There are 2 protein chains.
Amino acid sequence: MLKLFYAAHTCSLATHIVLEEVGADYSTVRIDFGKAQQQSPEYLEVNPKGRVPALITDRGVLTETPAMLVFVAQSFPAARLAPLDDPFAFAEAQAFNSYLCSTLHIAHAHRMRGHRWVDADDAASIAAMQRKVPQSVTASFELIEHDLLKGPWVMGERYTICDPYLFTLAQWLEADGVDPKRIPRVIDHRRRVGERPAVQKAIADELA
Amino acid sequence: MLKLFYAAHTCSLATHIVLEEVGADYSTVRIDFGKAQQQSPEYLEVNPKGRVPALITDRGVLTETPAMLVFVAQSFPAARLAPLDDPFAFAEAQAFNSYLCSTLHIAHAHRMRGHRWVDADDAASIAAMQRKVPQSVTASFELIEHDLLKGPWVMGERYTICDPYLFTLAQWLEADGVDPKRIPRVIDHRRRVGERPAVQKAIADELA
């Protein structure tokens, strides 16, 4: 059985949603960042990166959201959550998810995880990073709004693994200082994804 | 025919190598960062992100190295550069490449691209980011050294799309202030990848 290590209000929600969407038999383990459980010896045995998410499978541990989303889609092909038989369409989906992890999520992370890239006691530089977040996160969402989000779903007519991932990162945009009026298609997409039963179930589980 | 937009000394080398490895029929277009060609109107038509690499295919444009590497591997399956028929092994390869793009490459980027995350005229914060690079890039390479690089190749006995990507990012580690003695397996891997004819051909093309 699959086991997902997650933390509330993090990108692990994307994989949690996809496990619900495909009807997987899975369990979850909550990691409490407030208690720094992601750095505990027990968790570092699971994932030496000290991050969430991590997915225990019968073959071993997987990490990194883009990889985990594809793994779930490939393991449950009947759910048709990725264009697995079309290398170009699959690459487009992967490029979208790669942009989310390496550009949008990184821009966002400079608000609360600045200590990864400057000394933790350098308050001035940490604050300087935080001041840039509204601009850098807005720029990423505007690229998605204008160039990447095909509509009605990210990849077009079919809901895929890209949709819950975008939905997850879009949870944080107001707190990041993004003006929702600048990205109406992203906001409408977030609303529609949020109406799906699998999404509501995953969120309710994480906040219970 | 495939057309790769690249810039010398960037992560586009990884895709360039893989195109050579599979024997693809492709051409290249050099983008000169010194002339800010990645921000030219002509290039933004190709890739609105204003970054390299970009790959023109007969179906459209692809971006993001992890997606492009899988696309080439899937398009030339005889080269066996990715475990395409094994969802778990494929996810492991994707997780490795995702770590490279979203953690290692990002840590490195704080040395020369700090303006993405603080105001460009904030010299003190830019310098603070640069001072952290040796520590953050070393930490990423040490995780690869101890936990991810199976040996002899990244995924074990078979050379895959993970190898040229790690090789590409390992070009920069001395300039990032990493002590090579701390990561002997990564250094040995870099040497062995560098001996491959496809790698030497791609590098020679980019530096010609």
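This text gives an overview of the structure that appears in the document. Residue numbers restart at each chain and count upward from 1, following the sequence in its written direction. Whichever chain is written first becomes A and whichever ligand is written first becomes 1, with later ones labelled in order. Reporting in this predicted model follows two pLDDT cut-offs: at least 70 for local features of residues, and 80 or more for side-chain atom pairs to be given and counted; totals over whole chains, interfaces and linings ignore these cut-offs and use all residues. Hydrogen atoms and water are omitted, and side-chain values are computed over all heavy atoms in the structure.

## Notes on the sheet that holds strand 3 (residues 54–57) of chain B
All names here are of chain B. At least two DSSP bridges between two strands are required for those strands to pair. Helix and strand labels come from DSSP, where a helix needs a run of H or I of at least four residues and a strand needs a run of E of at least two; each type is numbered from the N terminus. If you trace the 4 strands from one edge of the open sheet to the other, you get 2-1-3-4, paired in mixed fashion. Every interior strand has two partners, whereas the edge strands, strand 2 (26–30) and strand 4 (60–63), have only one. Averaged over all pairs of adjacent strands, the angle between their axes in this sheet comes to 20°, without regard to strand direction. By definition in these notes, contact holds between two residues if any of their heavy atoms fall within 4.5 Å. Every axis in this analysis is a line fitted to C-alpha atoms, fitted for helices over the stretch in contact. Angles between the N-to-C directions lie between 0 and 180 degrees. Strand contacts of helix 1 (residues 12–22): strand 1 (2–6), strand 2 and strand 3, with the helix running at about 150° to strand 1, the strand carrying the most contacts.

## Things to note about the packing of helix 3 (residues 65–75) of chain A against helix 4 (residues 87–109) of chain A
Residue and element names in this part refer to chain A. Where helix 3 meets helix 4, the axes come as close as 9 Å, and the angle between the chain directions of the two elements is 145°. In this structure, helix 3 crosses over helix 4, and the sense of that crossing is right-handed. Packed against helix 3, whose contacting residues are Pro-66, Leu-69 and Val-70, the element helix 4 presents Phe-90, Gln-94, Asn-97 and Cys-101 at the interface. Residue polarity is assigned by list, with Asp, Glu, Lys and Arg as charged and Ala, Val, Leu, Ile, Met, Phe, Trp, Tyr, Cys and Pro as nonpolar; anything else, Gly included, falls into the polar class. Along the lines of polarity and charge, the residues of the contact of helix 3 with helix 4 split into 5 nonpolar, 2 polar and no charged. Should the near helix be turned anticlockwise from the far one by less than a right angle, the crossing is termed left-handed; should it be turned clockwise, right-handed.

## Remarks on helix 4 (residues 87–112) of chain B
Residues and elements named next belong to chain B. To estimate the expected span of a helix, subtract one from its residue number and multiply by 1.5 Å. With 26 residues, helix 4 should cover 38 Å at 1.5 Å per step; its first-to-last C-alpha distance of 36 Å lies within 8% of that length. The largest bend along helix 4 measures about 40° and falls at Ile-106. Counting buried positions over the 26 residues of helix 4 gives 22, a clear majority of the element. One axis fitted to the seven residues ending at a residue, another fitted to the seven starting there: the angle between these axes is the bend at that residue. Burial classes: relative accessible area under 20% of the type maximum marks a residue as buried, over 50% as exposed, and values in between as partly exposed (1.4 Å probe, protein chains only).

## A word on the environment of Leu-2 of chain B
Residue and element names in this part refer to chain B. Its location among the elements puts Leu-2 in strand 1. A sequence separation of 11 residues divides Leu-2 from Leu-13, and the C-alpha atoms of the two residues are 15 Å apart. The residues contacting Leu-2, other than those within four sequence positions of it, are Leu-19, Ala-24, Asp-25, Tyr-26, Ser-27, Leu-55, Ile-56, Thr-57, Phe-71 and Phe-76.

## Details of the sheet that holds strand 4 (residues 60–63) of chain A
In any sheet, the strands associate via hydrogen bonds between backbone groups, in a parallel or an antiparallel arrangement. Residue and element names in this part refer to chain A. Strand order in the open sheet formed by 4 strands is 2-1-3-4, and the pairing between neighbours is mixed. Strand pairing shows two members of the sheet lacking a second neighbour, strand 2 (26–30) and strand 4, which therefore form its edges. Between one strand axis and the next, the sheet turns by 20° as a mean value, whatever way the strands run. Strands strand 1 (2–6), strand 2 and strand 3 (54–57) of the sheet are contacted by helix 1 (residues 12–22), whose axis makes an angle of about 150° with strand 1.

## Side note on the relation of the copies chain B and chain A
Superposing copies: least-squares fit, C-alpha atoms only, residues required to have pLDDT of at least 70 in both. The transformation that overlays chain B on chain A combines an axial shift of 0.0 Å with a rotation of 180°, and the residual RMSD is 0.0 Å. On the angle and the small slide along the axis, the relation comes out as a two-fold axis. Both copies share a contact surface, since 100% of the interface residues of chain B are interface residues in chain A too.

## Quick notes on empty space enclosed by the protein
For each structure, a 1 Å grid was placed over the protein atoms alone; sets of points admitting a 1.4 Å probe that cannot get out are labelled cavities, open sets with protein on both sides within 12 Å along at least five of seven lines are labelled pockets, and lining residues have an atom within 4 Å of a point. Grid points are joined across faces, edges and corners, and a volume is the space filled by probe spheres set on the points. Under the defined criterion, the tally for this structure stands at 1 cavity of 30 Å³ or more. Empty space within the largest cavity amounts to approximately 60 Å³. As for the largest cavity, its lining consists of Pro-66, Ala-67, Gln-94 and Ser-98 of chain A together with Pro-66, Gln-94 and Ser-98 of chain B. Breaking the lining of the largest cavity down by element, the ones donating at least two residues are helix 3 and helix 4 of chain A together with helix 4 of chain B.

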